[in-house]
Amino acid sequence: MKRKFILLSVFISFVLCGCTPIQKMTLDEIIDTGVNRKVEVYNTYRKGYKYNVPKGLKVVNNTEYNEVLSNNDDLYYLYVDAVSYYNKVIDTYEENKTSFVSKQISHEDKYGYLEITKLSDGKYFIEIMYNYAKIEVIVKEKDINLAVSNSLSILSSINFDTNILKTLLDEEVSQFKDYNFNIFETNGSNENSEYMDAVDSDVYEDEDEEIHDTDLIN
C-alpha cells in the first residue's frame, strides 16, 4: 500500500510540474529534443509533403512551398525546398563567431544549422534550416527559446512524398524557378531577408482579401 502511495505521489508531481520549461533549457537541449521528436500525427497537408503545426501556432497563409505561421506575436516564414530534397543536395554550414548563435544541426541523415543575429533594434533574427526546409523569424530575446523550439518542431516533422514530388517536378518545373531562395545560405549579417520581404509582398499584396487556407486540417 505504501509503495502504491509513493508511486501515485511521484505521478501527481510529474503531472503538476510537467517537463522542464522551455525558458530554462539551453539551446543545445532544445535542439536535441527537437531532432529526436517522433511525429505520429500530422495536421497540415501540402503537395508533396506534410507536417505538424505545434500548439500555439497557426498557418495564416500558404503559397505552395512558402508558408507563413503566426503565434499572434511573431510571424514564422517557412520555405520547403522540395527540389533540394528530391535531388538530395547536401551542403555544409560553417559555424562563426560573429553571430549571436551559430550552430550546426545533425541527426541521422538530416542536417542543418541554427544562426541567430542580434539586430540594431535589439530584437533577434533567427534562421534555422533542417530537413530541407528553413524558417526565419524575428523575436525578442525572451522569446528565442520558444521560437527555436517551435521552428524545429515544424522542420523535424516535415515528411516528403517522393512519388508525388517526382510528378510535380516533371509537370511544374517552371513553378520551382519562380523564386530562387537558397536555404543553405544565411541572411543575418544583412539585417534583412530577401525571402521574408518577398513573401510579405506576395502574401499580403491585398490586405482586404480574406485568406482561405483550404489545405489546413485543424
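Overview of the structure. (Residues numbered from 1 in each chain as written. Predicted model: local features only at pLDDT ≥ 70, side-chain atom pairs only at ≥ 80, totals over all residues. Heavy atoms only, no water.)

1. Topic: the sheet that holds strand β2 (residues 49-51)
Two orientations exist for strands paired in a sheet by backbone hydrogen bonds: parallel and antiparallel. One open sheet accounts for three strands, arranged β1-β2-β10; its pairing is antiparallel. Looking at strand neighbours, the two that pair on one side only are β1 (44-46) and β10 (159-160), the edges of this open sheet. Sheet topology note: the β1/β2 ladder contains three bridges and is antiparallel. Across the sheet, residue Arg 46 finds its bridge partner in β2, namely Tyr 49. (Pairing = 2+ DSSP bridges. Helix = DSSP H or I, 4+ residues; strand = E, 2+ residues; numbered from the N terminus.)

2. Comments concerning helix α4 (residues 144-157)
Its 14 residues give α4 an end-to-end C-alpha distance of 20 Å, which sits within 8% of 20 Å, the value for a rise of 1.5 Å per residue. Of all 14 residues in α4, 13 are buried; the element is thus mostly enclosed. (Expected span 1.5 Å × (residues − 1). Buried < 20%, exposed > 50% of the residue type's maximum accessible area, 1.4 Å probe, protein only.)

3. Brief notes about helix α2 (residues 27-35)
Every α-helix winds through 3.6 residues per turn, so residues three or four apart in the chain are directed the same way. Where α2 is concerned, the buried positions are Leu 27, Ile 30, Ile 31, Gly 34 and Val 35. Down the axis of α2, the buried set is contained in an arc of 120°. They therefore lie on one face. Buried residues along α2 sit against β6 (101-107), β7 (110-118), β8 (124-130) and α4. (Arc of directions from axis to C-beta. Contact = heavy atoms within 4.5 Å.)

4. Re the pattern of salt bridges
Going through the model one piece at a time under the given rule, you end up with five salt bridges. Two residues, Glu 136 and Lys 134, come together in a salt bridge whose shortest N-O distance is 3.3 Å. Looking at Glu 136, the relative accessible area reads 0%, which means it is buried. The buried category is assigned to Lys 134, whose relative accessible area is 0%. (Salt bridge = Lys/Arg side-chain N within 4 Å of Asp/Glu carboxyl O.)

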